[in-house]
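# A structural walkthrough
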Amino acid sequence: MKLDYLDELEAEAIYILREVAGQFEKPALLFSGGKDSITLVRLAEKAFRPGKFPFPLVHIDTGHNFIETIEYRDKMIERIGEKLIIGHVQDSINEGKVVEQKGKNASRNALQTVTLLDTIAKYQFDACIGGARRDEEKARAKERIFSVRDEFGQWDPKRQRPELWNIFNGKIHKGENVRVFPISNWTELDVWNYIRREKIELPSIYFAHEREVITRNGQLMAASPFLNMDEEDIIENRNVRFRTVGDMTCTAAVESYAYHIDDIIEEISASKISERGARMDDKVSEAAMEDRKKGGYF
Amino acid sequence: MDILKFLTAGSVDDGKSTLIGRLLYDSESILVDQLEALHRSNRKNDDGSIDLAILTDGLKAEREQGITIDVAYKYFQTEKRKFIIADTPGHIQYTRNMVTGASNANLAIILIDARKGVIEQTIRHSFLVALLGLPQVVVCINKMDMVDYSEDVYLQIVKNYKILADKVGLKNVHYIPVSALKGDNIVYPSINMNWYKEDSLLHFLETVNIDVDDSKAHARFPVQWVVRPQTDELHDYRGYAGRVSSGSFKVNDKVTVLPSGFNTTITKIEQLEKQPAEAFAGMSVTIHLKDEIDISRGDVLVNSSYKPEVSQLIEADLCWMDTRPLDTSLTYFIQHNSKVTRCRIQEILYKVNINTLEKEYNEDFKLNDIGRIVVKTAEPLAFDLYQNNKANGGAIIIDSRTNVTVGALMFRTAVE
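Okay, the overall build of chain A next. Looking only at helices and strands, one finds eight helices and ten strands in chain A. Residues classed as buried in chain A amount to 51% of the 298 residues present. Long-range pairs, those at least 24 residues apart, make up 76% of the contacts in chain A between residues at least 6 apart in sequence.

Further remarks concern the domain arrangement of chain B. Interfaces are often sized by the amount of accessible area the parts lose when they come together. Residues and elements named next belong to chain B. For chain B, the assigned domains are domain 1 (2-207), domain 2 (216-303) and domain 3 (309-414). The centre of domain 2, based on its C-alpha atoms, is set 29 Å off from the matching centre of domain 3. In this assembly, twelve residues from domain 2 lie in contact with nine residues from domain 3. With four residues, strand β7 (residues 220-227) is the largest single contributor of residues to the side of domain 2 that touches domain 3. The class makeup of the residues in the side of domain 2 that touches domain 3 is five nonpolar, five polar and two charged.

All names here are of chain A. Within strand β2 (residues 57-61), five of the five residues are buried, leaving the element largely enclosed by the surrounding structure. Side chains of β2 alternate between two faces, with L57, H59 and D61 and V58 and I60 buried alike. Pairing between strand β1 (residues 27-30) and β2: two bridges, direction parallel. In the sheet register, L30 faces β2, and the bridge partner there is V58. Where β2 meets strand β3 (residues 84-88), five bridges bridge the pair, whose relative direction is parallel. Note on β3: the bridge partner recorded for D61 is H88. A crossover connection joins β2 to the parallel β3 through helix α3 (residues 67-80); in handedness this β-α-β unit is right-handed.

Let us now look at the domain arrangement of chain A. Residues and elements named next belong to chain A. Splitting chain A by domain gives domain 1 (5-190 + 287-294) and domain 2 (204-268). Between the C-alpha centres of domain 1 and domain 2 there is a distance of 25 Å. In this complex, domain 1 contributes 18 residues to the contact, which on the side of domain 2 involves 13 residues. When grouped by side-chain class, the residues that make up the side of domain 1 that touches domain 2 number three nonpolar, ten polar and five charged.

Residues and elements named next belong to chain B. Strand β4 (residues 107-113) sits mainly inside the fold: seven of its seven residues count as buried. Judged from the four bridges that link them, strand β1 (residues 2-9) and β4 form a sheet pairing that is parallel. From the neighbouring strand, L7 faces β4, where its bridge partner is A108. Two elements, β4 and strand β5 (residues 136-142), share seven bridges in a ladder whose sense is parallel. Paired with I110 across the two strands is V139, which belongs to β5.

Turning next to the packing of helix α2 (residues 35-48) of chain A against helix α6 (residues 188-198) of chain A. Residue and element names in this part refer to chain A. One can describe the packing of α2 onto α6 by two numbers: an axis separation of 11 Å at closest approach and a directional angle of 50°. By the criterion of interaxial angle, the relationship of α2 to α6 is oblique. The handedness of the crossing between α2 and α6 is left-handed. Of α6, the residues touching α2 (which contributes K35, D36, T39 and R42) are V191, Y194, I195 and E198. The residue makeup of the contact of α2 with α6, split by class, is three nonpolar, one polar and four charged.

Glancing now at α6 of chain A. Residues and elements named next belong to chain A. All of the buried residues in α6 are E188, D190, V191, W192, Y194 and I195. Buried positions along α6 lie against α1 (5-23), α2 and α7 (261-269). Directly beyond the C-terminal end of α6, a positive phi value near 55° is found at K199.

Moving on, we come to the sheet that holds strand β2 (residues 72-77) of chain B. Residues and elements named next belong to chain B. With mixed pairing, the six strands of this open sheet are ordered in space as β2-β3-β1-β4-β5-β6. Where the open sheet ends on each side, the last strands, each with one partner, are β2 and β6 (173-177). Here the strands of the sheet are splayed against their neighbours by 25° on average, with no regard to which way each runs. Against the sheet, helix α5 (residues 120-131) contacts β1, β4 and β5, and its axis sits at roughly 170° relative to β4.

Quick look at the environment of T115 of chain A now. Residue and element names in this part refer to chain A. Position of T115 relative to the elements: it lies in helix α5 (residues 112-123). With 117 residues separating them in the primary sequence, T115 and E232 have C-alpha atoms 33 Å apart. Not counting residues within four places of it along the chain, the set of residues in contact with T115 comprises I60, G87, H88, V89 and S92.

Looking now at the sheet that holds strand β11 (residues 262-270) of chain B. All names here are of chain B. Taken together, the six strands give a closed barrel; going around it, the order is β7-β8-β13-β11-β10-β14, and neighbouring strands pair in antiparallel fashion. Sheet twist, expressed as the average angle between the axes of neighbouring strands with direction ignored, equals 45°. Here four bridges tie strand β10 (residues 254-258) to strand β14 (residues 300-303), and the two strands are oriented antiparallel to one another. Residue pairing across strands places V257 opposite L301, the latter belonging to β14.

It is worth spelling out the interface of chain A and chain B at this point. Contacts between the two partners involve 47 residues from chain A, matched on the other side by 52 residues from chain B. Going through the elements one at a time, α1 and α2 of chain A are the ones with two or more residues in the side of chain A that touches chain B. Examining the composition of the side of chain A that touches chain B, we find that nine residues originate from one element, α1 of chain A, more than from any other. Of the residues assigned to the side of chain A that touches chain B, the class counts are 20 nonpolar, ten polar and 17 charged.

Let's shift gears to unusual backbone geometry. The general pattern is negative phi for most residues beyond glycine and trans for most peptide bonds. Look at the link from R49 of chain A to P50 of chain A: it is a cis peptide, with omega at 5°. For P50 of chain A, the location among the structural elements is in the loop between α2 and β2. A cis amide bond links L258 of chain B to the next residue, P259 of chain B, at an omega of 10°. Locating P259 of chain B in the fold gives a position in the loop between β10 and β11. A positive phi is found at D148 of chain B, a non-glycine position, where the angle reads about 55°. If you trace the backbone, D148 of chain B turns up in the loop between β5 and α6 (151-168).

Burial of helix α1 (residues 16-26) of chain B is extensive: ten of the eleven residues sit out of reach of the surface. Those residues of α1 of chain B that fall on the buried side of the exposure criterion are K16, S17, T18, L19, I20, G21, R22, L23, L24 and Y25 of chain B.

Conventions we followed
Residues numbered from 1 in each chain as written. Chains lettered and ligands numbered in written order. Predicted model: local features only at pLDDT ≥ 70, side-chain atom pairs only at ≥ 80, totals over all residues. Helix = DSSP H or I, 4+ residues; strand = E, 2+ residues; numbered from the N terminus. Buried ≥ 20, exposed ≤ 12 C-beta atoms within 10 Å, placed from the backbone. Contact = placed C-beta atoms within 7 Å. Domains from an automatic or database assignment. Nonpolar A, V, L, I, M, F, W, Y, C, P; charged D, E, K, R; others polar. Pairing = 2+ DSSP bridges. Right-handed = clockwise from strand over helix to strand, strands pointing away. Axes fitted to C-alpha atoms, helices over the stretch in contact; angles between N-to-C directions. Parallel < 35°, antiparallel > 145°, perpendicular 65-115°, else oblique. Left-handed = near helix turned anticlockwise from the far one by under 90°.

As structure tokens, this is what we get:
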């Protein structure tokens, strides 16, 4: 006997979610509104129904989200009947803990790390489940499924615990917490194929639509009040979709006519740009992701 | 389509990263932006071609030192299979990384430099692959371009390796002469070695049999979580959530709960809205039982006709993974599937010099040491011998002061 690859990936993710439930006192599921965290919610339903989730969902809201994401989030929470905790980046700004970036490329993406760490501290979460995948980026290729963070939220690549067989060591000291990545072994294509198989609804911005955009650093950015624009920026109407759902100021669109999930799967199977290539914040330097992870980013 | 997880054992000098890079490159698993980064890089081979090893480089420190210091996972797929590569470093100081990578792999690729043949590190890597019980091994004799694609050189290395394979107890060994640098026999058959008629590496990886063991004899279900909604309409609902670690369970199977020893029958297997009649190795399910028994996380359900060992005193192979040496006077935690209890390493029987395979008898047990010990646990464990059932025969040791994983155990004999 053998399991189909999607069944095997699903079974592994469910196993990891149940390990979190069994090993931690106060876990949380980090929900961004993106397809990876939406997939995690589906997997949590498979792991714990007909019972309740043994954790709340936590959304770190930059205040610069796509409106479609927020609508989707609220509708989904109503459907699944689970608890949602929102951490606002605006609160961190008001409290003077972070300072809004200036200039053309200003984004709140980097600021959300502080809000996340504050939210973890406030609710004393000992495990945070996230939708990161090892295929996204070189630094992530080496991250563990149970990734221990110190009290400053830092990841130390040289002090990672060995992970053998299917045994996950979740023992931590007070103040530390663990980031858990149940879909570590999935690729972008796996996630899309799973969404299709499970008929999971997604925020509409994942599908092709007409939108006002400007071209910046060779990438299409949604025109919005959150984006610092000047007279050099030309607003055009283009047919686009988004491959990731993040902050409006740092998530680039791609030109697309993929209106249905089948079109998207066909489009990315023959894709010219890997997924994180559409996130401007990784372009700053080759080691950008590694540096941000060390500082406590998702 | 299924998933094959494989480990690559070898050092930078053997062209391991180049081999993985070549698999990704020639199987067209690289996306265009990665390809552009490759072409932009200053690192080139002597003949000016792209250095494919860049594809597997990970962390900044590693890029600076030019070595792989941790397990890096790489993903690619062909029309036949999905592949997960655990790329582990080959030097002796990273033995623990290789043990980690091997623990989850179905197959190991052992690289041999055709100019050097079977050397100390080949012995070490082969010993570790045998210790971790990998069912399949592919020996890639690399850099054939440097020995004029000589069949004689290849045959001599195969002959030498067979002696080693017998000594460490490796079965199912397959041999392929390759040049990762030039691409011979990696994805495409070599035009330079017409004397080799068998599969290229990729074709072998695509077709090798990796079916899971779904026998009743190995039916093991560690309970992770008890689902009890306790709502009005589901007042009596009680399901045991977990993942079948090995073997197969069917509805109406008689099962025993260990370590308590209670017997009962499976009444229902659930996967959300689905109710499969059978759950086999790898499946995450929720199981319902006929009788109300006290079962909690850490217990294991087994087929009543085929029970595992239950003991508190076990002889096991140990690989030590921490910079602080093993302390036989200390109490550690032991984690075996979902069960955690306290333990002590009661006796060190011997260590193995993994370069020469000779037994050593001294009392210290340091980072990367491997040997045979006796472990005593605070509560009984329901386990199988690792050589019979990997999924229920391995455990980790956790330092109760630092909470770090410090050792890997492979159970070999129940002492009691």
